[in-house]
Amino acid sequence: MLSGFAAAWTQSTGPSPYPAEADGASLSSREWTMKTSIVFLLCISVFPGFSQGRVVGEDEIGFAECNVFFPGQVPPEGFTERFHVKICQQYNKEPRFATLYSTKDKIPLYSAFKYTKPAQNKEENWLVEPQIDDPENDLHEMVREADITGTVANLGANQALTSDYMGSGYERGLLNPSLLNEEDFQMATYTLTNAVPLSPSLSKSWHRDIGRVVEQALVPHCSKKDRLYLLAGAIPSSVRVKGKVSVPETLWLAACCDAPEGWSLGLVKKMNDENSLVDLMVGELEKQLLAGVHLFKGNCGEDNQSQEKTEAILQAVSQIRSGEQVGTSDNQEAKDSSLVSRVAGIIATPFIKLLELLIYMFVELVKFVFYFLWLVIKRVGGTVLDGVYSLWNGVVSYLKAISMVLISIPYDAGRVIVNIFLGFLQIVQDVASLIYRILRIPVGFVLHLAAFPYHSICAIPSVLKDMATGIGGTFSLIIDATATLLHGFYYLAGHIVKRLVPKGSSGD
């Protein structure tokens, strides 16, 4: 609990020279705080003064309720990339300014706002936008980064976080400077969707120059101060902080006085020259941005603006650039009232800080009590549910085993009866098959089989007779063949003799 109070005191004592390091220490001191969405939503309901920022839907016109920060309620044209996200920055349920954020570069491309009056304090309370990283999240407002760690999917995937600035040598420079806003408007500016990486010296130079230009050059020359519209933007570069957040190569400011004898003006500050402050027409500024960009509807009187007022504004800007103090009666009155307000603020600050500390202590106490009760209920309920679940599993297993045994008894008896019956049927089948096969034997075959011995015995004399006849015939055939062969040899020999012996000698 003491570490939480220390975090509250760190936030309440104002900004450090290095906001990233101060906020890093604050984060480490609050690591123990509640991270569940239930308790966080409870705290929101108890203290509704949290800063809110709503991601504007694609089906909504412009920046929805934040269109009031643009002349004619028409936002700049030409910023049409898919990674451009429109945010209506709110605080205490009221719109405070509008931001076009680049999820690719992790920095805002511009913030649109109106001048209220100089800030009376410099309290910082840095916030992030959950819906940029997790569109399905139910948190429709900006919250402290430490309060949603672990509850938002892909936190830091599309936006910069405090950890991206820690130890990088860059500060979180505000496009919409807090010093040009008061009270709730100022509190709303401390969001990482309104910050770009700036070196400490450049951040100081940017806020100093823009504050002086707006208060001493622009406001005194706009007849209706509530019609002075301001656009502060950054042009991303290829240089990345920790390979993630783009360091802008140029900072710019566009002003539009949408009133009788209105005018518009642009200012540019290069990153490589922190003392530079170049004034130019809005049309010339648009050429340095994306192709097809138009910042103000109808160029905000740029075509027919008063030459005298333009020269007076440029002269004031030149004096600011050279380090001179610009003085007007209105500005002097504002300084006097500002001095009184600052004195009153210094006197009231300790009491305000004490009240804030007491409120924070009460919030932390409520969070601790609810978290403790939630843990007790969770532990007790979990133990009871585990016991009931184990008992139920035991009863179900016992009933299941008994049921299986009872069901198996008639099943086994029936299976034995069926096997006996099937065995009897098999015997009957075998007997019938044997009978059938016996009956299939022909009667004639049986008679022939019975008469076979008689016919066999009676046939023996005939067989012997035939065998003797055959043997006699064989010998007779052999004798005839031999006689025929001898006769043939005799005939052949006689024929040869007749041929060889002469006929004459036959008479001798």
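Please read all numbers here as calculations on a predicted model, not as lab measurements.

Rules behind the numbers
- Residues numbered from 1 in each chain as written.
- Predicted model: local features only at pLDDT ≥ 70, side-chain atom pairs only at ≥ 80, totals over all residues.
- Heavy atoms only, no water.
- Helix = DSSP H or I, 4+ residues; strand = E, 2+ residues; numbered from the N terminus.
- Buried < 20%, exposed > 50% of the residue type's maximum accessible area, 1.4 Å probe, protein only.
- Contact = heavy atoms within 4.5 Å.
- Areas by Shrake-Rupley, 256 points an atom, 1.4 Å probe, with all protein chains shown as cover.
- Expected span 1.5 Å × (residues − 1).
- Arc of directions from axis to C-beta.
- Pairing = 2+ DSSP bridges.
- UniProt positions renumbered as here; feature names shortened; annotations may be inferred.
- Axes fitted to C-alpha atoms, helices over the stretch in contact; angles between N-to-C directions.
- Parallel < 35°, antiparallel > 145°, perpendicular 65-115°, else oblique.
- Left-handed = near helix turned anticlockwise from the far one by under 90°.
- pLDDT = per-residue confidence, 0-100.

A look at the overall build of the chain
In terms of helices and strands, the chain carries 11 helices and 12 strands. A burial count over the chain gives 38% of its 508 residues as buried. Across the chain, contacts joining residues at least 24 apart in sequence account for 68% of those joining residues at least 6 apart. In the structure as shown, the chain presents an accessible area of about 29400 Å², 64% of it carried by carbon and sulfur atoms.

Regarding helix 9 (residues 307-321)
Under the 1.5 Å per step criterion, the end-to-end length of helix 9 is 21 Å for 15 residues, consistent within 8% with the ideal 21 Å. If you check which residues of helix 9 are buried, you get Lys309, Thr310, Ile313, Ala316, Val317 and Ile320. All buried residues of helix 9 project into a common sector of 130° when viewed along the axis, lining one side. Opposite the packed face of helix 9, turned more than 90 degrees from it, sit the exposed residues Gln307 and Glu308.

Examining the pairing of strand 3 (residues 94-102)
Counting buried positions over the nine residues of strand 3 gives seven, a clear majority of the element. In this structure, strand 2 (residues 84-91) lies alongside strand 3, joined through eight bridges in antiparallel fashion. Across the sheet, the residue bridging to His84 is Ser102, located in strand 3. Between the end of strand 2 and the start of strand 3, which pair antiparallel, lie two residues, with Asn92 showing a positive phi angle near 55°. Two strands pair when backbone bridges link them, and strand 3 and strand 4 (residues 107-114) are joined in this way by five bridges, in the antiparallel orientation. Each residue of the ladder has a partner; that of Ser102, found in strand 4, is Ile107.

Some remarks on the UniProt feature "transmembrane region" (unreviewed entry) in the chain
Those places that UniProt annotates as "transmembrane region" (unreviewed entry) correspond, in this numbering, to residues 357-377, 389-409, 416-439, 445-464 and 471-493. Annotated as 100% helix and 0% strand, the span residues 416-439 places its first and last C-alpha atoms 35 Å apart. Helix makes up 100% of residues 445-464 and strand 0%, with an end-to-end C-alpha separation of 28 Å.

Quick notes on the packing of helix 7 (residues 200-218) against helix 9
Orientation of helix 7 relative to helix 9, taken along the N-to-C sense of each, is 140°, at an axis distance of 9 Å. As summarised for this structure, helix 7 and helix 9 are arranged oblique, according to the angle between their axes. Crossing angle aside, the handedness with which helix 7 passes helix 9 is right-handed. The residues of helix 9 that touch helix 7, namely those facing Arg212, Val213, Gln216, Ala217 and Leu218, are Ile313, Ala316, Val317 and Ile320.

A short note on the confidence of the model for the chain
Per-residue confidence for the chain averages 78 on the pLDDT scale, and 76% of its residues sit at or above 70. Counting contacts from residues 1-51, a segment whose pLDDT is below 50, to residues more than four positions away or on other chains yields 93 contacts.

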